[in-house]
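If you want the building blocks of each chain, they are given just below.
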Amino acid sequence: MNVISISATSSADRSHVERRRLILEAHPEVKSLFGKDDVTFKITAAIFAGQLLIAAILGWLGLAYWPLALLLAISIGAFANHANFVVIHDAIHNCVFESTFANKLTALLADLPNAFPTAMGFRCYHIKHHSHLSAYDYDADIPSRWEADWVGSSTWRKAAWLFFFPAVQLARLSRLKGTVPIMGLWTYVNIAVIAAFDVFVLWAFGPNALLYLFLSFWFSVGGLHPLSARWVQEHFAFGPNQGTFDYYGPLNTLALNIGYHNEHHDFHEIPWRRLPELTKMAPEFYEPLACHRSWFALLVTFVFDPRYSLRTRSANVELASASQAIPVPAE
């Protein structure tokens, strides 16, 4: 297992830039995958309607049925809200509609079932994650030093870190430099829309409905749900000289192909539905890379294997970028 120190902070992993260049030279037809996919909006609307219907039924049953709300949030709501996070992700990259305004509205719609405003805050720092990948001062995906120091290799602390990951991610924002200010106009709009929606749900359906939506949000990101292994899968060191890792497992169907993470970092202009086509177009670039096949297995391994700690997050600077072996097609 490749363990890279979290102390390097100045530069960024540029391996995706280099692989993108090589792929375009070898496979210029990849550009045909660029574009928009308004099917994503239809999926967003369907998820919103489904989540609201489940919330309404649970609200009608009453707060005494909170265990049912918890069970449904873990088994259904988490997957629905996680898919909505992928929608927000694609909308931020303007992969749903041509209009930036329409993409923002799509992100806001996808954010409603979370019962907590996330879309516009995520928009502010996610682009920096791409442009400054693994640079401590700019990439919010890197654990803060206090996280790494506190968690160490402890099993229960790793489990606690994953359970409370939504709050941990929020706490990282204060350390970032050079990002778009989080509290801008669209963030205020996001907060106001979510607050109004939450009040409506509480008034129309009752507290158990709102509880279900919030639990769906929590387990879609953290809560030791198998989906939370995604945050370990994407950039925690799993192979030598590699900073980004894919998940090629069955849950990609429900997770809207978010597991194709190398592909996304190489070509953020490609909507989620076309990412598997990229892998097929350029297999010689992706098949040699280490990848994961099970989020559940990764979750168990991360928590119980002492070789995994928050310091195995690839907080690499020039090292990983310079040393990563990128396959080049034979002449």
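In this text the structure is predicted, and so the values were computed from the model without any measurement.

Enquirer: An account of empty space enclosed by the protein is requested, with residue identities and associated values reported.
Expert: Inspection of every chain in the model, using the stated rule, returns two cavities of 30 Å³ or more. Computed from the structure, the largest cavity encloses a volume of approximately 70 Å³. Here the lining of the largest cavity gets three residues from one element, more than from any other, and that element is helix 11 (residues 230–235). Here the residues of the lining of the largest cavity are counted per class, giving five nonpolar, one polar and four charged.

Enquirer: Give a detailed account of the packing of aromatic side chains, specifying residues and quantitative values.
Expert: Applying the stated criterion across every chain, the model contains 23 aromatic pairs. Ring centres of F101 and W186 lie 5.9 Å apart, and the angle between their planes is 65°; this geometry places the pair in the edge-to-face category. With F101 in helix 4 (residues 100–111) and W186 in helix 9 (residues 185–205), this residue pair connects regions lying 85 residues apart in the sequence. Ring centres of F200 and W203 lie 6.3 Å apart, and the angle between their planes is 45°; on these two criteria the pair is classed as tilted. With F200 and W203 both in helix 9 and three residues apart, the pair spans about one turn of that helix. The partly exposed category is assigned to F200, whose relative accessible area is 38%. Its relative accessible area of 70% is what places W203 among the exposed residues. An aromatic cluster is defined as three or more aromatic residues linked by ring pairs; in this entry it consists of F85, F116, F163, F164, F214, F217 and W218. The ring of F302 has K158 sitting right over it, with the charged end atom 5.5 Å from the ring centre.

Enquirer: Describe the packing of helix 4 against helix 9, with residues and values.
Expert: Between helix 4 and helix 9, the shortest axis-to-axis distance is 10 Å and the interhelical angle comes to 35°. Viewed along their axes, helix 4 and helix 9 form a crossing whose handedness is right-handed. Residues F101, K104, L105, L108 and D111 of helix 4 pack against W186, V189, N190 and I194 of helix 9. Its residues placed into classes, the contact of helix 4 with helix 9 shows six nonpolar, one polar and two charged.

Enquirer: Got a sec to walk through the environment of Y308? Specific residues and values, please.
Expert: For Y308, the position within the fold is in the loop between helix 15 (295–304) and helix 16 (318–323). Distance from Y308 to G152, taken between C-alpha atoms, is 8.8 Å for residues 156 residues apart in sequence.

Enquirer: Just give me the short version of the pattern of salt bridges, but keep the residues and values in it.
Expert: Tallied over the entire structure, the rule returns nine salt bridges. Between E269 and R20 there is a salt bridge, with its nearest N and O atoms 2.6 Å apart. Of this pair, E269 sits in the loop between helix 12 (261–266) and helix 13 (275–281) while R20 sits in helix 1 (residues 15–26), and the two are 249 residues apart along the sequence. With a shortest N-O distance of 2.5 Å, D37 and R273 are connected by a salt bridge. Remark: R273 occurs in the loop between helix 12 and helix 13 and D37 occurs in the loop between helix 1 and helix 2 (39–61); sequence separation between them is 236 residues. Since its relative accessible area comes to 4%, D37 is described here as buried. Given a relative accessible area of 41%, R273 falls into the partly exposed group. Because the salt bridges share partners, they merge into one network encompassing E18, R21 and E25.

Enquirer: Help me get a handle on the environment of L112, residues and values and all.
Expert: When you line up the elements, L112 lands in the loop between helix 4 and helix 5 (119–131). For L112 and I194, which are 82 residues apart along the polypeptide, the C-alpha to C-alpha distance reads 5.9 Å. Those residues in contact with L112, other than ones at most four positions away along the chain, are F48, V193, I194 and F197.

Enquirer: Could you give me a rundown of the nonpolar core, with the residues and numbers involved?
Expert: Counting 61 residues, the largest nonpolar core has W161 and F302 as the members making the most contacts within it. With 11 residues, the top contributor of residues to this core is helix 3 (residues 66–92). Apart from residues lying up to four places away in sequence, W161 is in contact with E147, V151, V168, R172, F236, F302 and L310.

Enquirer: Tell me about the layout of surface pockets, and please be specific about residues and values.
Expert: When its volume is computed, the largest pocket comes out at roughly 650 Å³. As for the largest pocket, its lining consists of 30 residues, and the residues nearest its centre are T118, F122, Y125, Q169 and L170. Elements with a contribution of two residues or more to the lining of the largest pocket: helix 3, helix 5, helix 8 (165–171), helix 9, helix 10 (207–221) and helix 11. Of all the elements, helix 5 adds the most residues to the lining of the largest pocket, at six residues. For the lining of the largest pocket, the residue count by class is 18 nonpolar, nine polar and three charged.

Enquirer: Explain the side chain of N114 to me, using residue names and the numbers behind them.
Expert: Its location among the elements puts N114 in the loop between helix 4 and helix 5. Of note is the side chain of N114, whose polar atom sits 2.8 Å from the side chain of D111. Residues within four places of N114 in sequence aside, it is in contact with N81, F85, I88, L213, F214 and F217.

Enquirer: Mind laying out the environment of L299, listing which residues take part and the relevant values?
Expert: Summarising the element assignment, L299 is placed in helix 15. In sequence terms L299 and L227 are 72 residues apart; their C-alpha atoms lie 8.8 Å from each other.

Definitions and limits used
All chains use their own residue numbering, which begins from 1 and follows the written sequence. With pLDDT at 70 or above as the cut-off, local features in this predicted model cover only qualifying residues; side-chain atom pairs require 80 or more to be listed or tallied, and sums for whole chains, interfaces and linings still use all residues. The basis for every side-chain value is the complete set of non-hydrogen atoms in the structure, without hydrogens or water. A cavity here means a set of points on a 1 Å grid, drawn over the protein atoms and nothing else, where a 1.4 Å probe fits but cannot get out; a pocket is an open set with protein on both sides within 12 Å along at least five of seven lines, and a residue lines either one if it has an atom within 4 Å of a point. Grid points are joined across faces, edges and corners, and a volume is the space filled by probe spheres set on the points. A run of H or I in DSSP counts as a helix once it spans at least four residues, and a run of E counts as a strand once it spans at least two, with each numbered from the N terminus. Gly is placed with the polar residues, together with every amino acid not listed as nonpolar (Ala, Val, Leu, Ile, Met, Phe, Trp, Tyr, Cys and Pro) or charged (Asp, Glu, Lys and Arg). Each pair of aromatic rings taken from Phe, Tyr and Trp, with Trp reduced to its six-membered ring, is defined by centres within 6.5 Å and is described as stacked if the planes are under 30 degrees apart, edge-to-face if over 60, and tilted in the remaining cases. Summary of the burial criterion: residues with accessible area below 20% of their type's maximum are buried, those above 50% are exposed, and those between are partly exposed, where the area comes from a 1.4 Å probe applied to protein chains only. Only lysine NZ and arginine CZ atoms are considered, and such an atom sits over a ring when it is within 6 Å of the ring centre and within 35 degrees of the ring normal. Each axis is a line fitted through C-alpha atoms, taken for helices only over the stretch in contact, and angles between the N-to-C directions span 0 to 180 degrees. Left-handed is the label given to a crossing in which the near helix is rotated counterclockwise from the far helix by less than a right angle, and right-handed is the label when the rotation is clockwise. Contact definition: two residues touch when any of their heavy atoms are within 4.5 Å. Salt bridges are defined by distance alone: a side-chain nitrogen of Lys or Arg within 4 Å of a carboxyl oxygen of Asp or Glu. Nonpolar cores were defined as sets of buried Ala, Val, Leu, Ile, Met, Phe, Trp, Tyr and Cys residues, with membership established by side-chain atoms within 4.5 Å. Side-chain atoms alone can form a polar contact between residues adjacent in sequence; in general such a contact is a pair of N or O atoms within 3.5 Å, and within protein one must be able to donate a hydrogen while the other accepts it.

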